[in-house]
Amino acid sequence: MPPTVDISENIANKGTAIKHIQKKYNISKEETMAFGDYNNDLEMLENAYFSFAMENAHPLVKSVARFKTKSNNDLGVELVLEELLKKNKLVINS
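Residues numbered from 1 in each chain as written. Predicted model: local features only at pLDDT ≥ 70, side-chain atom pairs only at ≥ 80, totals over all residues. Heavy atoms only, no water.

1. What to know about unusual backbone geometry
Of note in this structure, asparagine 26 is not a glycine but carries a positive phi near 55°. Turning to its location among the elements, asparagine 26 is positioned in the loop between α1 (14-25) and β1 (33-36). Accessibility expressed as a relative area gives 70% for asparagine 26, which makes it exposed. (Helix = DSSP H or I, 4+ residues; strand = E, 2+ residues; numbered from the N terminus. Buried < 20%, exposed > 50% of the residue type's maximum accessible area, 1.4 Å probe, protein only.)

2. Focus: the pattern of salt bridges
Here the structure, examined in full by the defined rule, presents one salt bridge. Between lysine 14 and aspartate 41 there is a salt bridge whose closest N-O contact spans 2.5 Å. One end of the pair, lysine 14, is in helix α1; the other, aspartate 41, is in the loop between β1 and α2 (42-46), and 27 residues separate them in sequence. Exposure remark for aspartate 41: the relative accessible area of 3% places this residue in the buried category. (Salt bridge = Lys/Arg side-chain N within 4 Å of Asp/Glu carboxyl O.)

3. A closer look at the side chain of threonine 69
In this structure, threonine 69 sits in strand β3 (residues 67-69). A distance of 2.9 Å separates the side chain of threonine 69 from the backbone oxygen of glycine 76, its partner in a polar contact. Apart from the residues lying within four places of it in its own chain, the contact partners of threonine 69 are Phe35, Phe52, Ala53, Met54, Glu55, Gly76 and Val80. (Polar contact = N/O pair within 3.5 Å; in protein donor to acceptor, adjacent residues only side chain to side chain. Contact = heavy atoms within 4.5 Å.)

4. Some remarks on the environment of glutamate 55
Here glutamate 55 lies in the loop between β2 (50-54) and α3 (59-64). Once the C-alpha coordinates of glutamate 55 and aspartate 74 are considered, the two residues, 19 residues apart in sequence, prove to be 9.1 Å apart.

5. Thoughts on α1
Here α1 contains twelve residues, and its C-alpha end-to-end distance of 17 Å stays within 8% of the 16 Å for a straight helix at 1.5 Å per residue. All of the buried residues along α1 are Gly15, Ile18 and Gln22. One side of α1 holds all its buried residues, which, seen down the axis, span an arc of 60°. Every exposed residue of α1 that faces more than 90 degrees away from the buried side is listed here: His20, Lys23 and Lys24. (Expected span 1.5 Å × (residues − 1). Arc of directions from axis to C-beta.)

Shape descriptors only; they carry no functional weight alone.
Now the structure itself:
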């Protein structure tokens, strides 16, 4: 299989995308949640207070993220979101 090459602008990354969304919708870093497993997620995780590294994440990702969750294969994202929804339901119903 021939090697692949990604071509993009230097500022094009997931962190820049998150910043644009935050600015457009007036969302703070403290209101942002992100999940990552590889180095292309670093800038995104740095722009989210609720930054989660997957269990199978690269060591650098684990060092940047504030929180950890299970691997993608073990539904780590879904588990965190389900817990968040459960907690919010308790707040809403109170």
